[in-house]
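# Per-entry structural report
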Amino acid sequence: KPLPCARQMSLRLPECREDFGPITEWSPVKQYSRAYFYHLLEVRELLATMLLVHHNVHAYRELFAAIQDHIQRGTFRRFAAWFLRTQTGPPPPEAERPQGPAAKRRKT
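A short tour of the structure in this document, coming up. (Residues numbered from 1 in each chain as written. Predicted model: local features only at pLDDT ≥ 70, side-chain atom pairs only at ≥ 80, totals over all residues. Heavy atoms only, no water.)

### With respect to the packing of aromatic side chains
Cut-off, in case you're wondering: The pairing test for Phe, Tyr and Trp rings, Trp by its six-membered ring, is centres within 6.5 Å, and the orientation test on the planes gives stacked under 30 degrees, edge-to-face over 60, and tilted for anything in between. In this description a helix means any DSSP run of H or I spanning at least four residues, a strand means any run of E spanning at least two, and both kinds are numbered starting from the N terminus. The buried label applies to any residue whose accessible area, calculated with a 1.4 Å probe on protein chains only, is under 20% of its type's maximum; exposed applies above 50%, and partly exposed to all values in between.
By the definition in use, this model includes seven aromatic pairs. Between Tyr60 and Phe64, the aromatic rings sit 6.3 Å apart at their centres with planes inclined by 20°, giving stacked as the arrangement. One end of the pair is Tyr60 and the other is Phe64, both in helix α2 (residues 46-73) and four residues apart, which spans about a single turn. Classification of Tyr60 by relative accessible area gives exposed; the value is 52%. By the ring-pair criterion, three or more aromatic residues cluster together here, those being Phe76, Phe79, Trp82 and Phe83.

Set out below in structure tokens:
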């Protein structure tokens, strides 16, 4: 069973605005497009967080199942080398990093 890609993606990038493809082919929330995630994140809709948590938990579950399998088969070092070579990269540029929520204004 292939391991889902673990690379970081930013759904706040302008190119996601009109990308109607799924977040990934293996995601449990693949029925929602990147454009929809972009919209949900733009309007700070709680559903975005809920769907992304579901996606991320699935990815972690698959990753740890693969780790456990490789430990049992004695191939963990090879798996770790593959993972570090193909699934990691430099952090996204400052402009792509999500900004924190805007400060709430108090009513006076």
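Moving on from the coordinates now.
### So, the environment of Glu15
Structurally, the position occupied by Glu15 is in the segment before α1 (34-42). Distance in space between the C-alpha atoms of Glu15 and Arg34 is 9.3 Å, their sequence separation being 19 residues.

### Here's the deal with the packing of α1 against α2
Selection rule: With axes taken as lines fitted to C-alpha atoms, and helix axes fitted only over the stretch in contact, angles between N-to-C directions fall between 0 and 180 degrees. Note that the term roughly parallel is reserved for angles under 35 degrees, roughly antiparallel for angles over 145, roughly perpendicular for angles of 65 to 115, and oblique for everything else. Any two residues whose heavy atoms approach within 4.5 Å at even a single point are treated as in contact. For this classification, the nonpolar set comprises Ala, Val, Leu, Ile, Met, Phe, Trp, Tyr, Cys and Pro, the charged set comprises Asp, Glu, Lys and Arg, and every other residue, Gly included, is treated as polar.
Relative orientation of the contacting elements α1 and α2 amounts to 130°, with a least axis distance of 7 Å. Classified by the angle between their axes, α1 and α2 sit oblique to one another. Residue-level inspection shows Tyr36, Phe37, Leu40 and Leu41 of α1 in contact with α2, the latter providing Leu47, Ala48, Leu51 and Leu52. In terms of residue class, the contact of α1 with α2 is built from eight nonpolar, no polar and no charged.

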